[in-house]
Amino acid sequence: MLNVLYLVHDLCDPAVSRRVAMLHAGGASVTLAGFRRGDTVPGFDGIEPIDFGTTSDRAFAQRLGSVVQAAWALGGKLRHVEKPDVIIGRNLEMLALACRARTLMGAEIPVAYECLDIHRLLLGKGSVGKAMRGAERFFGRNAALVLTSSPAFVRDYFEAYGQVHAPVMLLQNKMLDLSGAPPAPARMPPLPKAGEPWKIGWFGALRCRKSLHLLAAFTRAMQGRFEVVLRGRPAHVEFDDFDGFVAAEPFLRFEGAYRNPQDLASIYGEVHFCWAIDFFEEGLNSNWLLPNRLYEGCRFGTVPIAVKGTETARFLTERRLGLLLDEPSINCLAGLLMDVGREEYAGLRERVAAQDPATWVCGPAECRRLVERLGSL
């Protein structure tokens, strides 16, 4: 059995649980260690994570100090850990700790660099950006494999910037379904009757101020013909007053957090469209990523909305799916959606539903391929 040491920057991130589940389903044993952004760490299928302490969003100086402290204390933290066959570092700061762990535990242990976002600090033209990219190249020289979630990260960052030159394995942000059973048909929400709104769902990590303001202005301009339902984890540091803003908007509703994957069928079954747009790092990371909500929304039959010129739009165009926004403006969004009637919507939804479920869902076979690839290192 492959023994994996998995180092993560946020134990509270639901994506970490999914990756641990993938590794287990593929036949690996996992030792999990990392920082956390919350007061408590969620359960991990019988794993007791090694806790490196708390870090905060956007507190980069504090995070850097925490990484340095963790590097010094790493020998003690890992003293009872069985020597791994491979070490995975999830993002740059954990790649640095993965290299430190490799030094402590055995120079022959291969390191995999899991990079699912390209932070704006890595893309700056000034001294900070150059230093960050230099650090990535320095630690990346030890990487035997890069795990990433979008072809654009490879094409527009790793290759364009000449960063880590290790082989790449693409792990898209698909839903994880280990049942092995054929997926149940998606539940279609009732089409609006006269006077009822079309519903747009914006679910997941809510961190995009521009999306929030655009959707608020659009729904006001449409005078209630469209309603936006928000669910998930707002990144409050990115908003002046998320709760107050949403409460003041007549056609926006925030319904709080949800369980993933248990609640996905029900929450997507209540909306007609999925907001698969993120301007959080506009022109950079947000143009390159393929978000979780794209796969979740399409798996459950909603029609995705994306912006032209992004990797999400390229993905949808190749499959002739969804609606593509020319530019993020009220007029463009109104022009895109106002012509969608009941028949047009049924056709859009049917094209989504006709896709191979493997487009949206990661099953046991993909988990085995991941572990086999790691084992081959």
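Everything that follows concerns the structure shown earlier in this document.
All of these numbers come straight from a predicted model, not from anything done at the bench.

(A) Looking closely at the packing of aromatic side chains. For the structure on display, the rule yields 17 aromatic pairs. With a centroid separation of 5.2 Å and 50 degrees between ring planes, the pair formed by Trp-198 and Tyr-345 is classed as tilted. A residue pair is termed long-range when its members are at least 10 positions apart, and Trp-198 in strand β9 (residues 198-206) and Tyr-345 in helix α13 (residues 342-353) qualify at 147 residues. An identical accessibility class is assigned to Trp-198 and Tyr-345; each is buried. Among the aromatic residues, those joined into a cluster by ring pairs are Tyr-113, Tyr-157, Phe-158 and Tyr-161. We note Arg-319 situated over the ring of Phe-315; from NZ or CZ to the ring centre the distance is 3.7 Å.

(B) Inspection of the nonpolar core at higher detail. Leu-7, Phe-52, Leu-97, Tyr-113 and Ile-118 are the most contacted members of the largest nonpolar core, which has 38 residues in total. Where this core is concerned, the elements lending two or more residues are β1 (3-8), β2 (29-36), β3 (50-54), α2 (60-77), α3 (92-105), β5 (111-114), β6 (143-148) and α5 (151-159).

(C) Main features of the packing of α2 against α3. With their axes 10 Å apart at the nearest point, α2 and α3 run at an angle of 15 degrees to one another. The angle between α2 and α3 places the two elements in the roughly parallel class. Handedness of the α2/α3 crossing: right-handed. Seen from α2, the contacting residues are Arg-63, Val-67, Ala-70, Ala-71, Leu-74 and Gly-75; seen from α3, they are Glu-93, Leu-97, Arg-100, Ala-101 and Leu-104. A class-by-class count of the residues in the contact of α2 with α3 yields seven nonpolar, one polar and three charged.

(D) Region of interest: unusual backbone geometry. With an omega dihedral of 15 degrees, the bond running from Asn-260 to Pro-261 counts as a cis peptide bond. Mapped onto the elements, Pro-261 comes out in the loop between β11 (252-254) and α8 (264-268). With a phi angle near 85 degrees, Asn-91 is a residue other than glycine that sits in the positive phi range. Within the secondary structure, Asn-91 sits in the loop between β4 (86-90) and α3. On the basis of relative accessible area, Asn-91 is assigned to the buried category, the value being 17%.

(E) Layout of the environment of Ala-28. The residue Ala-28 is located in the loop between α1 (14-25) and β2 in this model. Sequence separation between Ala-28 and Thr-359 is 331 residues, and the spatial gap between their C-alpha atoms is 24 Å. When near neighbours in sequence (up to four residues on either side) are disregarded, Ala-28 contacts Met-1, Leu-2, Val-4, Leu-23 and Val-371.

(F) Geometry of the sheet that holds strand β13 (residues 303-307). One open sheet accounts for six strands, arranged β11-β10-β9-β12-β13-β14; its pairing is parallel. With one partner strand each, in any of the chains shown, β11 and β14 (323-325) form the two edges of the open sheet. Taken pair by pair, the neighbouring strands of this sheet meet at an average axis angle of 25 degrees, ignoring direction. Bridging between β9 and strand β12 (residues 273-275) involves two bridges; their strand directions are parallel. The residue bridging Gly-201 from the neighbouring strand is Cys-274, located in β12.

(G) Just the sheet that holds β2, in detail. Taken together, seven strands build an open sheet; the order of strands is β3-β2-β1-β4-β5-β6-β7 and the sheet is parallel. Of all the strands in the sheet, just β3 and β7 (168-170) have a single pairing partner and so form its edges. Neighbour to neighbour, the strand axes of the sheet diverge by 20 degrees on average, direction disregarded. As defined by bridge partners, β1 adjoins β2 across six bridges and the pair is classed as parallel. Residue pairing in the sheet places Val-4 in a bridge with Val-30 of β2. On top of the sheet, α5 reaches β5, β6 and β7; it is set at about 120 degrees to β6, its chief contact. Here helix α14 (residues 364-376) sits on the sheet in contact with β4, β5, β6 and β7, set at roughly 170 degrees to β7.

(H) Quick peek at the pairing of β4. When you tally the buried positions in β4, you get five out of five residues, the bulk of the element. Every second residue of β4 is oriented toward a common face, with Val-86, Ile-88 and Arg-90 on one face and Ile-87 and Gly-89 on the other, all of them buried. When β1 meets β4, the two strands line up parallel, connected through four bridges. In the sheet register, Val-4 faces β4, and the bridge partner there is Val-86. Chirality of the crossover, the property in question, places the unit of β4, α3 and β5 among those that are right-handed.

Procedures and definitions
Residues numbered from 1 in each chain as written. Predicted model: local features only at pLDDT ≥ 70, side-chain atom pairs only at ≥ 80, totals over all residues. Heavy atoms only, no water. Phe/Tyr/Trp six-rings, centres within 6.5 Å; stacked < 30°, edge-to-face > 60°. Helix = DSSP H or I, 4+ residues; strand = E, 2+ residues; numbered from the N terminus. Buried < 20%, exposed > 50% of the residue type's maximum accessible area, 1.4 Å probe, protein only. Lys NZ or Arg CZ within 6 Å of the ring centre and 35° of its normal. Core = buried A, V, L, I, M, F, W, Y, C linked by side-chain atoms within 4.5 Å. Axes fitted to C-alpha atoms, helices over the stretch in contact; angles between N-to-C directions. Parallel < 35°, antiparallel > 145°, perpendicular 65-115°, else oblique. Left-handed = near helix turned anticlockwise from the far one by under 90°. Contact = heavy atoms within 4.5 Å. Nonpolar A, V, L, I, M, F, W, Y, C, P; charged D, E, K, R; others polar. Pairing = 2+ DSSP bridges. Right-handed = clockwise from strand over helix to strand, strands pointing away.

Structural measurements only, silent on function.
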